[in-house]
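# Architecture at a glance
The residues making up each chain are set out below.
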Amino acid sequence: MVTTTEFKNPLEEAIKDNKIADPCILVIFGATGDLTARKLVPALYNLAIEGQLPSHFACVGFARRDKTHQDFRAEMLDAIGKYSRTKPVDEEIWKNFSEQIFYHKSEFGDDEGYEDLDKYLKELDGQFGTKGNRVFYLSTQPSFFPGIIQKLHQHKLIYDINQEEEKWSRVIIEKPFGHDLASAKSLQQEITQYLDESQIYRIDHYLGKETVQNLLVFRFSNPIFEAIWNNRHIDHVQITVAEDIGIGTRGKFWEEAGMLRDIVQNHMMQLLSLVGMEPPTSFKASAIHNEKVKVMESLRPFPKETMDRYIVRGQYGTGYINGQEVISYREENNVSPTSNVETFIAMELFIDNWRWAGVPFYLRAGKRMPKKATEIAITFRDAPGFLFDKSGKKPDPNILVIRIQPDEGISLKMNCKVPGLGSPIQPVKMDFRYGSYFGAQPPEAYERLICDCMSGDSTLFARVDEVLASWRLLSPVLEAWAENPPPKFPNYQSGTWGPAVAEEMIGREGRHWRMI
Ligand code: BG6
């Protein structure tokens, strides 16, 4: 007798959509900043369009500048017009949505400001039915994070999870979480005096990108790939985060951050851990975080004496982007003319575990590259050469490319015989494109992440041990770089793929960076 067992789809959690966010008020600290206008409010507006905002919702901008609710709304309308992924602004939706937006002026350290905020939020609870639930979004300079959290606690805006069952409060913290291992640890220590880990949402917007989420689905719902996802079949992995833009108006920030803190420590390490992780036991947040942490903890530390062999840095000089002449990093506003801050990094990493032993992971991130492109390329091992030696040309390796952005999709390069009487081999590509296949425009990362936080789902946020593991690898690099300034900056021309040292690094083993 044949018996059948019904299995639950293990990806249900990961692919379920239409989460129901709880009623709540979102308070944005640093509401007059760039992020609020470019990303946060346009994301809320698009959630309103998609019908994904909670039915009982309000948003309060908290900042130091003097402004009325009307002024703030007018600025946000302007921002939505410029930065929303859906255009033009839908007047009906905007009208309703704008009536849920408010402004609260206060210094970040002013007790009276927090007392007034508490009263005001309670008033809004009455008006909007938001039930006392709060999301506090910290989009200020990182140095304000501990102070704001302390004040929120002092004025009982953060609830004790052991005492409150009815209402909840959560805090979203923008990256960077610390500027090295020691500061990340001390930030964690400071904020956990007042917050439980379950109330902390460390945002890394890469995790909210549709294509990044798809990495989990792609890897664990396609057993044909999972079977060859290891050192027996994979020669090496390349992860590229390239941007054609320069530093623009962010000189002051960049001089303190640099590429390692801005992109590598967070976005790239997240991509690396999703590619390298073992299948989780479930799609619960904790199961996924556990596997990601194991990858980060298996990363081989850079050897102190020969660090330059494994990680190299660069800074852009003048050059051309899209035919336009551009200035060098050192000429940007608020940048020192002798700055040694890096705008490019390339590195070779090894994950010292059974699956990945011996497989190099090459990572590169740069500003002022020829184009914007984020991708993960998995190069498989060569076919045994003896069959093809006579023809003089070895077939190209198979390469699986996951394009994170733009032109989101997945392609597989393989070899084919060119039609005809001879037998020349030519590489061809099987290409899947999100845009043409699904037609629909994916939501912006911030839409997904804000919605997840309002629903209490922390899967796509970074857990503290991930952040610390990443700093553990990279903090020694910062220390070594501080002691040894780069020999020659700028060392690459704007509009090129980075300095020669990056090519030399990957070329040592006969490999080369992909042409994108
Ligand atoms: C941010 C960095 O986190 O990500 C920026 O601070 C960078 O420097 C940006 O430009 C890139 O994001 P995206 O989504 O455009 O790849």
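For every chain, the first residue of its written sequence is number 1, and the numbers climb from 1 along that sequence. With pLDDT at 70 or above as the cut-off, local features in this predicted model cover only qualifying residues; side-chain atom pairs require 80 or more to be listed or tallied, and sums for whole chains, interfaces and linings still use all residues. Working from all heavy atoms in the structure, the side-chain values ignore hydrogens and water.

Moving on, we come to the environment of asparagine 266. As for its placement among the helices and strands, asparagine 266 is situated in helix 10 (residues 251–276). Taking C-alpha positions, asparagine 266 is 9.0 Å from phenylalanine 177, a pair spaced 89 residues apart along the chain. By the convention used here, residues are in contact when the closest approach between their heavy atoms is within 4.5 Å. Residue contacts for asparagine 266: discarding those within four places in its chain leaves Lys175, Asp204 and Arg261. Pairing of N or O atoms within 3.5 Å defines a polar contact, subject to two protein rules: one partner must be a possible hydrogen donor and the other a possible acceptor, and residues neighboring in sequence count only if both atoms are side-chain atoms. At a separation of 3.0 Å, a polar atom in the side chain of asparagine 266 contacts the main-chain carbonyl oxygen of arginine 261. Think of it this way: any DSSP run of H or I at least four residues long counts as a helix, any run of E at least two long counts as a strand, and we number them from the N terminus.

A few words on the site of the ligand. Near is defined per residue: the residue qualifies when any heavy atom it owns lies within 4 Å of the molecule or strand. In the vicinity of the ligand, the contacting residues are Lys175, His205, Tyr206, Lys209, Glu243, Arg250, Asp262, His267, Lys367, Lys372 and Gln405. Between an oxygen atom of the ligand and a side-chain N or O atom of lysine 367, the distance comes to 2.9 Å. To be clear on the numbers: accessible area is Shrake-Rupley with a 1.4 Å probe, and residue cover counts the displayed protein chains and nothing else. Relative to its free-state accessible area of 400 Å², the ligand is covered by the protein chains to the extent of 82%. Ten residues, namely Ala, Val, Leu, Ile, Met, Phe, Trp, Tyr, Cys and Pro, are considered nonpolar, four, namely Asp, Glu, Lys and Arg, are considered charged, and the remaining ones, Gly among them, are considered polar. Each residue belonging to the shell around the ligand can be placed in one class, and the counts come to one nonpolar, three polar and seven charged.

Strands were regarded as paired on the criterion that DSSP finds at least two bridges between them. Sheet architecture is open: three strands sit in the order 10-9-17, paired in mixed fashion. Each of the sheet's edge strands pairs with one partner strand only, and the pair in question is strand 10 (324–326) and strand 17 (492–494). In this sheet, neighbouring strand axes are inclined to one another by 25 degrees on average, regardless of whether the strands run parallel or antiparallel. As judged from the three bridges shared by strand 9 (residues 316–321) and strand 10, these two strands associate in the antiparallel manner. Considered in strand 10, the bridge of tyrosine 320 is made with glutamate 325. Each axis is a line fitted through C-alpha atoms, and for a helix only the stretch in contact is used; angles between axes span 0 to 180 degrees, taken between their N-to-C directions.

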